[in-house]
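Spelled out, the chains give:
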Amino acid sequence: MHTDHGAQYTSRAFAAACRRAGVRQSMSTVGSSTDNAATESFNTSFKRETLRGRKGWSSEREARLDAFR
């Protein structure tokens, strides 16, 4: 997961949660706004296309299948 250097992302508790979930963290250098532009664009498109009008899913499996569709 690529994040900025916000306190919520640099905390030990967050790092431990990522390790437990099998998520590898990465961060750009401080002050690098262009590094995050592609990720932000993807997230915006993903939310618009996947979450449009959706309140929730009946299961995690259904949510994952919908996302990968």
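Scroll up for the structure.
(A) Representation of the overall build of the protein. The number of helices and strands found in the protein is 4 helices and 2 strands. In the protein, the succession of α and β elements from N to C terminus is β-α-α-β-α-α. Over its C-alpha atoms the protein spans a radius of gyration of 15 Å, topping by over 25% the 11 Å that the globule rule assigns to 69 residues. Its C-alpha atoms put the protein at 35 × 30 × 15 Å along the principal axes. Burial statistics for the protein: of 69 residues in total, 13% are counted as buried. Summing over all exposed atoms, the protein offers an accessible surface of approximately 5,800 Å²; the carbon and sulfur share of this is 53%. On the protein, the mean spot of the 12 positive side-chain charges and the mean spot of the 7 negative ones are 5 Å from each other.

(B) Representation of the packing of aromatic side chains. Here the structure, examined in full by the defined rule, presents 2 aromatic pairs. Taking the centre distance of 5.5 Å and the plane angle of 75° together, the rings of Tyr9 and Phe14 count as edge-to-face. Assessed through its relative accessible area of 21%, Phe14 is described here as partly exposed. Between Phe42 and Phe46 the ring centres are 5.9 Å apart and the planes differ by 20°, which places this aromatic pair in the stacked class. Highlighted residues: Phe42 and Phe46, both in helix H3 (residues 37-51), separated by 4 residues, approximately one helical turn. The exposed category is assigned to Phe42, whose relative accessible area is 54%.

(C) Examining the environment of Arg54 more closely. The topology assignment puts Arg54 in the loop between H3 and helix H4 (60-68). C-alpha of Arg54 to C-alpha of Val23: the two residues are 31 residues apart in sequence and 26 Å apart in space. Apart from residues lying up to four places away in sequence, Arg54 is in contact with Glu62 and Asp66.

(D) Summary view of the side chain of Thr3. Within the secondary structure, Thr3 is located in strand S1 (residues 2-3). Excluding anything up to four places from it in sequence, Thr3 contacts Tyr9, Ser26, Met27 and Ser28.

(E) H3, seen in detail. Look at H3: 21 Å from first C-alpha to last across 15 residues, which is about the 21 Å you get at 1.5 Å a residue. Immediately downstream of H3, the backbone of Gly53 shows phi near 70°, a positive value.

Conventions we followed
- Residues numbered from 1 in each chain as written.
- Predicted model: local features only at pLDDT ≥ 70, side-chain atom pairs only at ≥ 80, totals over all residues.
- Heavy atoms only, no water.
- Helix = DSSP H or I, 4+ residues; strand = E, 2+ residues; numbered from the N terminus.
- Rg over C-alpha atoms; globule rule 2.2 N^0.38 Å.
- Buried < 20%, exposed > 50% of the residue type's maximum accessible area, 1.4 Å probe, protein only.
- Areas by Shrake-Rupley, 256 points an atom, 1.4 Å probe, with all protein chains shown as cover.
- Lys, Arg positive; Asp, Glu negative; His and termini not counted.
- Charge placed at Lys NZ, Arg CZ, Asp CG, Glu CD.
- Phe/Tyr/Trp six-rings, centres within 6.5 Å; stacked < 30°, edge-to-face > 60°.
- Contact = heavy atoms within 4.5 Å.
- Expected span 1.5 Å × (residues − 1).

Bear in mind that shape data such as this cannot, by itself, settle questions of function.
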